[in-house]
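Read off the chains here:
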Amino acid sequence: MSVTTKIKSAAANAITKTYGITIDESLVAVNETKSEFDGDYTVVLFGLSKQFKKGPEEIGKELGEKLLVDNSDLFTSYNVIKGFLNLTIADEYYLNYLTAASSSQNLLQFEKGKKVMVEYSSPNTNKPLHLGHLRNNFLGWSVAQILKATGNEVRKTAIVNDRGIHICKSMIAWQKFANGDTPESTGKKGDHFVGDYYVRFNDEYKKQTSELLAAGQTKEDAERHAPIMKETQQMLVDWEAGKPEVLELWRTMNSWVYAGFDTTYKRIGSDFDKSYYESQTYLLGKKIVDIGLSKNVFYKKDDGSVWINLTDEGLDEKLVMRRDGTSVYITQDLGLANQKHEEFAYDDSIYVVGDEQNYHMKVLQLILKKLGMPYANGIHHLSYGMVELPTGRMKSREGTVVDADDLVEEMVQQAKEKTIEKSKVDDFTGDELTQLYETIALGALKFFLLKVDPKKKMVFNPEESIDFHGFTGPFIQYTHARLKSILRKAVEESSKSLVQSSNSHLEPSGEGLKLLPLEKELLRLLEQFNTVVHEAAKGFNPSTIGNYVYAVAKTCNSFYTEHKVLTAETEEKKQLRLQLCKLTATTIKEGMALLGIKVPERM
RNA sequence: GGCCCGGUAGUUCAAUGGAUAGAAUAGAAGUUUCCUAAACUUUAGAUACAAGUUCGAUUCUUGUCCGGGCUACCA
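With that settled, the discussion passes to the overall build of chain A. In terms of regular secondary structure, chain A is built from 22 helices and 14 strands. Seen through its C-alpha atoms, chain A measures out along the principal axes to roughly 90 × 65 × 40 Å. Burial analysis of chain A (603 residues in total) assigns 39% to the buried set. Partitioning the intrachain contacts of chain A with sequence separation of at least 6 by distance along the chain shows that 73% fall at a separation of at least 24.

Here's what the structure looks like:
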């Protein structure tokens with residue numbers, strides 16, 4: 001049980017005993033005490049003051065006394081300033097946590113949770129992944145990891161958008177312009193190779209429409225009559241009809257793309273338990289349409305198209321099936337939601353999808369509810385904001401899209417330069433170095449994207465590379481490496497020394513040990529790990545953990561700058577600090593792992 | 001037009017309705033004899049505007065201004 005929980009429950013208890021009033025623990029407001037005041041945690045009394053018709057200071061004194069008497073193991077002193085009851089937590093409490101956490105297998109405590117599906121990534125097979133996909137992937141992977149770590153059974157899925165007119169565009173362009181080139185023949189990564197033909201299509205299309213415009217056609221006509229567009233539309237028809245040579249080309253080109261995606265996913269540490277392909281799921285919606293019609297949730301118009309009326313819910317009428325019987329985007333998603341539930345029977349299904357689709361996701365859930373689907377309430381849209389450039393949104397038309405592979409490569413180069421300049425790893429082998437560069441590069445990139453609240457849009461400036469200083473992944477990695485360095489040296493020393501005290505797993509006695517402010521501050525933070533992770537899980541928000549781990553690293557840096565570890569004042573202090581270093585390193589490592597970030601032993 | 005989201009130091013990000021709004025970076029000044037200066041210490045700098053609710057508002061409500069998104073028989 002965390003300190004804050006204990007304080008809340010103790011305070012609720014004290015209130016009952018002192019005033020004879022029962023109050024729900026969750027209503028007790030507990031904050032961390034601001035650093036300029038004495039104390040560790042603060043109970044805010046204004047709310048109580050009103051209820052009890054007593055001055056907050058008086059209540060503070062009475063409660064403070066009571067808490068101290070009843071919980072002498074937890075509190076050592078209190079003070080009241082205005083309406084704030086500041087409580088000082090006993091050193092022993094934290095020392096106990098240090099001992100318990102150090103010897104426990106798992107820092108996190110949890111009960112058996114739910115079955116959760118997390119969907120993320122959703123790439124199109126006509127172009128390579130970009131920075132937006134990275135935010136999506138990192139978020140999805142991290143949320144899945146956090147949910148696992150808090151006791152849930154998690155299945156990670158991707159939906160691959162592998163069919164439709166946009167896919168045909170790159171296929172047509174390849175047929176016309178490639179002269180039989182392949183990724184193998186050109187040495188190009190498959191997804192980039194195909195993406196180039198998508199761009200090539202657009203160039204040609206633009207050329208053709210402007211020719212038609214010049215010939216006197218209206219813009220609309222020109223766009224419709226451009227020969228390459230007509231061919232593409234025909235190809236889509238052929239694809240749907242199952243024309244063998246079209247399917248063959250489609251399979252071939254998609255396989256190139258998948259090979260490229262695999263490389264990228266592997267490099268960035270993203271993976272899935274199952275991928276769904278739209279080419280296989282786009283017909284699933286039909287079943288839903290039938291259900292909807294039979295339940296009178298959907299209705300058919302004269303032309304045969306099928307609709308749902310959501311105006312009572314403040315939304316529009318929404319088409320769910322075209323008059324030609326083909327399904328639209330929302331219908332496919334309805335079908336897929338159903339299919340996923342049949343396969344996994346999830347309690348919760350989390351969609352990591354950009355916030356431009358807020359409306360779509362709202363409609364999706366609403367329709368499922370109206371259809372009476374029992375899983376509808378478990379659907380949760382983890383809506384995240386765009387990654388923008390300082391000039392605004394990335395636009396493929398203007399060529400400002402930041403490519404994922406390029407960015408990762410750039411980060412690796414930068415990590416390499418920095419490492420050569422700074423590091424103490426001259427004895428690393430080539431492989432170890434390569435590994436280290438990847439670790440640092442991805443640490444910087446992932447942390448950069450995950451430290452921000454998902455729902456907020458964020459800015460990436462390609463002119464300034466992602467930093468390795470300050471509130472960054474490498475800063476935290478560096479702290480970990482230094483801690484490990486201290487711990488290595490400690491082991492070295494103790495093995496050299498003849499005295500070799502048997503306390504290789506450090507046991508601070510607790511008796512007579514007085515924690516210094518920075519030691520206590522660090523421990524206070526470490527003790528919050530559990531609470532923070534559960535908070536992150538509840539809010540599907542990895543940034544909570546990012547902020548926390550940074551605070552730990554920062555405090556730790558001050559701590560070991562200020563206090564000597566290996567040459568501490570006494571042997572007892574030394575053991576305490578070593579154990580503190582060890583637990584800090586573990587907490588950092590586990591916290592970062594929840595973000596998908598590795599921490600090196602040395603850097 | 002309608003609906004949704006946002007506006008915090010020069011810049012990028014924090015802050016369950018609580019105390020003097022935190023960090024990072026850029027700026028100024030310092031620190032290398034436990035471990036590794038990718039660090040530490042000090043310093044200066046911000047809640048778009050106006051009302052309202054409250055003991056107390058960056059946070060809740062309303063209005064104004066400014067940005068962004070959605071509003072397809074595209075996905």
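This is not the end of the story, as more comes after the structure.
What follows concerns the sheet that holds strand β7 (residues 274–277). Ordered by their spatial adjacency, five strands build an open sheet running β7-β6-β5-β11-β12, and the pairing between neighbours is parallel. Pairing within the sheet leaves two strands with one partner each, and these edge strands are β7 and β12 (379–384). The average angle at which neighbouring strand axes cross in this sheet is 25°, direction not considered. For strand β5 (residues 115–119) and strand β11 (residues 348–354), the ladder comprises four bridges, and the chain directions are parallel. Residue pairing in the sheet places Val 118 in a bridge with Ile 350 of β11. With respect to the sheet, helix α15 (residues 358–370) is in contact with β11 and β12, its orientation differing from that of β12 by roughly 180°.

Moving on: the protein's contact with RNA strand B. RNA strand B sits among 71 residues. The nearest are Phe 46, Asp 453, Met 458, Gly 470 and Ser 485. Every element with two or more residues in the surface near RNA strand B is listed here: β2 (41–44), α2 (46–52), β4 (84–89), α15, α16 (404–422), β14 (458–459), α18 (473–496) and α21 (543–562). Of the residues forming the surface near RNA strand B, the biggest block, eight residues, is contributed by α18. Here the surface near RNA strand B is composed, by residue class, of 27 nonpolar, 24 polar and 20 charged.

Turning to the sheet that holds strand β9 (residues 306–309), a few remarks are in order. Ordered by their spatial adjacency, three strands build an open sheet running β8-β9-β10, and the pairing between neighbours is antiparallel. Unpaired on one side and paired on the other, β8 (298–300) and β10 (317–321) mark the two borders of the sheet. Put simply, the sheet's adjacent strands are angled 40° from each other on average, direction ignored. With four bridges joining them, β9 and β10 adopt antiparallel strand pairing.

A few words now on the packing of helix α1 (residues 3–19) against helix α3 (residues 56–70). Running from amino to carboxyl end, α1 crosses α3 at an angle of 115°, the nearest separation of the two axes being 9 Å. In terms of orientation, α1 and α3 fall into the roughly perpendicular class. For α1 against α3, the interelement crossing comes out right-handed. Residues Ala 10, Ala 11, Ala 14, Ile 15, Lys 17 and Thr 18 of α1 touch α3, and the partners they reach there are Glu 62, Leu 63, Lys 66, Leu 67 and Asp 70.

Once that is clear, we can look at α18. Look at α18: 35 Å from first C-alpha to last across 24 residues, which is about the 34 Å you get at 1.5 Å a residue. Those residues of α18 that fall on the buried side of the exposure criterion are Gly 473, Pro 474, Phe 475, Ile 476, Gln 477, Tyr 478, Thr 479, His 480, Ala 481, Leu 483 and Ala 490. Tucked inside the fold, the buried residues of α18 contact α17 (430–450), α21 and α22 (571–594).

Calculation rules
- Residues numbered from 1 in each chain as written.
- Chains lettered and ligands numbered in written order.
- Predicted model: local features only at pLDDT ≥ 70, side-chain atom pairs only at ≥ 80, totals over all residues.
- Helix = DSSP H or I, 4+ residues; strand = E, 2+ residues; numbered from the N terminus.
- Buried ≥ 20, exposed ≤ 12 C-beta atoms within 10 Å, placed from the backbone.
- Contact = placed C-beta atoms within 7 Å.
- Pairing = 2+ DSSP bridges.
- Axes fitted to C-alpha atoms, helices over the stretch in contact; angles between N-to-C directions.
- Near = placed C-beta within 6 Å.
- Nonpolar A, V, L, I, M, F, W, Y, C, P; charged D, E, K, R; others polar.
- Parallel < 35°, antiparallel > 145°, perpendicular 65-115°, else oblique.
- Left-handed = near helix turned anticlockwise from the far one by under 90°.
- Expected span 1.5 Å × (residues − 1).

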